[in-house]
Amino acid sequence: MRLPAEAIDPFPNARVSGHPLVRHKVRLLADERTDVKLFRELVRELTALLLYEATSALPVRAVRFRTPLEETSGDEIAVRIGLVPIIRAGLGMVESALDLLPAAEVWHLGMYRDEATHRPVSYYNRLPATCPDDLVILLDPMLATGGSAADATSVLKAWGAPRVLFVGIIAAPEGMRRMQADHPDVPVHVALLDRELDADRFIRPGLGDAGDRLFGTGGPSG
Ligand code: PRP
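Description of the structure in this document.

## With respect to the overall build of the protein
Stage number 1. When its secondary structure is counted, the protein shows seven helices and 15 strands.
Stage number 2. The C-alpha radius of gyration computed for the protein amounts to 18 Å, which stays within 12% of the reference 17 Å derived for 222 residues, consistent with globular compactness.
Stage number 3. Dimensions of the protein, computed from C-alpha atoms along their principal axes, come out at roughly 60 × 40 × 40 Å.
Stage number 4. The burial tally for the protein puts 45% of its 222 residues in the buried class.
Stage number 5. Taking all contacts inside the protein whose residues are at least 6 apart in sequence as the whole, residues at least 24 apart take part in 64%.
Stage number 6. Of the accessible surface of the protein, which amounts to about 11,500 Å², a share of 52% is contributed by carbon and sulfur atoms.

Quick look at the structure:
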């Protein structure tokens, strides 16, 4: 379900794509009939489309170079970029992001949401001592309570990341609210701002569990 524009107003840092390709693909992604192969492909495609929008104001610098015919000038990206997927589900977004930003460094954070408290638990962090990047792009398909993204952003800021962007796919209003409250300086790019969180803190109507649908672990024995 797509919320009307006024529902997005309280979240000035929300960047909800209105692109028809994004709207089409996120609908397919949410459909329960979408199998694991198509789900992965759609996550990759949506990541590319959202990252294209999220990087539209990236600084560039002019460089001189030669075409096969003559010397000329053009632009190159002028910032060092780090990609930080939140394991597990963020891993489904990394390769697509690297296709667009092949020079980016990839740093990993591992977090899972405790099933009883719904609070994020950090279990992996191999960030080096200091942040070498000018811009860090946090990748996680889901922003439910926002706890994982907000905690991860705090870790990145404490690490020294000068600028952080969040690129996800689906968000609940609660998650947007949490990011707005804790990190109003961090733009939150998603394909869809969904209706609500239910009592179990699942996004509704949602798309299920992105990690399970990416890695095929949502079955009866998963
Ligand atoms: C999901 C999702 C986010 C988090 C969002 O991960 O990928 O990381 O929950 O919830 P929040 O906004 O309420 O913190 P999950 O805990 O299911 O772990 P997984 O990626 O390993 O499946």
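## Focus: the sheet that holds strand β13 (residues 192-193)
Stage number 1. Ordered in space as β9-β11-β13, the three strands form an open sheet in which the pairing is parallel. Each edge of the open sheet carries a strand with a single partner, namely β9 (142-143) and β13.
Stage number 2. Relative to strand β11 (residues 170-171), β9 runs parallel, the two being bridged by two bridges. Bridge pairing in β11 places Leu143 opposite Ala171.

## Concerning unusual backbone geometry
Stage number 1. Cis geometry is adopted by the peptide bond preceding Arg88, which originates at Ile87 and carries an omega value of 10°.
Stage number 2. Position of Arg88 among the secondary structure elements: in the loop between β4 (81-87) and α4 (91-100).
Stage number 3. With an omega of -10°, the peptide bond between Arg204 and Pro205 qualifies as cis.
Stage number 4. Along the chain, Pro205 falls in the loop between β15 (203-204) and α7 (210-215).

## Details of the site of the ligand
Stage number 1. Neighbouring residues of the ligand: 13 residues in total, closest Arg113, Asp140, Thr145, Gly146 and Ser148.
Stage number 2. In this structure, Ala144 approaches the ligand through a main-chain N or O atom, which is 2.8 Å from an oxygen atom.
Stage number 3. Asp209 places a polar side-chain atom, nitrogen or oxygen, 3.4 Å from an oxygen atom of the ligand.
Stage number 4. For the ligand, whose unbound accessible area comes to 510 Å², protein coverage reaches 91%.
Stage number 5. Listed by contribution, the elements that provide at least two residues to the shell around the ligand are β6 (109-113), β9 and α5 (147-159).
Stage number 6. Residue composition of the shell around the ligand, grouped by class: five nonpolar, four polar and four charged.

## Overview of the packing of aromatic side chains
Stage number 1. By the definition in use, this model includes two aromatic pairs.
Stage number 2. Between Tyr112 and Tyr123, the aromatic rings sit 5.9 Å apart at their centres with planes inclined by 40°, giving tilted as the arrangement. Of this pair, Tyr112 sits in strand β6 while Tyr123 sits in strand β7 (residues 120-125); the two residues are eleven residues apart in sequence, bridging distant segments of the chain.
Stage number 3. Looking at Tyr112, the relative accessible area reads 43%, which means it is partly exposed.

## Some words on the packing of helix α3 (residues 36-54) against α4
Stage number 1. The interhelical angle for the contact between α3 and α4, taken along N-to-C directions, is 50°, at an axis separation of 8 Å. Between α3 and α4, the angle is such that the two are oblique. Every pair of crossing elements has a handedness; the one defined by α3 and α4 is right-handed. Side by side, α3 and α4 meet where Val43, Arg44, Thr47, Ala48, Leu51 and Tyr52 of the first sit next to Gly92, Met93, Ser96, Ala97 and Leu100 of the second.

Basis of the calculations
Residues numbered from 1 in each chain as written. Predicted model: local features only at pLDDT ≥ 70, side-chain atom pairs only at ≥ 80, totals over all residues. Heavy atoms only, no water. Helix = DSSP H or I, 4+ residues; strand = E, 2+ residues; numbered from the N terminus. Rg over C-alpha atoms; globule rule 2.2 N^0.38 Å. Buried < 20%, exposed > 50% of the residue type's maximum accessible area, 1.4 Å probe, protein only. Contact = heavy atoms within 4.5 Å. Areas by Shrake-Rupley, 256 points an atom, 1.4 Å probe, with all protein chains shown as cover. Pairing = 2+ DSSP bridges. Near = heavy atom within 4 Å. Polar contact = N/O pair within 3.5 Å; in protein donor to acceptor, adjacent residues only side chain to side chain. Nonpolar A, V, L, I, M, F, W, Y, C, P; charged D, E, K, R; others polar. Phe/Tyr/Trp six-rings, centres within 6.5 Å; stacked < 30°, edge-to-face > 60°. Axes fitted to C-alpha atoms, helices over the stretch in contact; angles between N-to-C directions. Parallel < 35°, antiparallel > 145°, perpendicular 65-115°, else oblique. Left-handed = near helix turned anticlockwise from the far one by under 90°.

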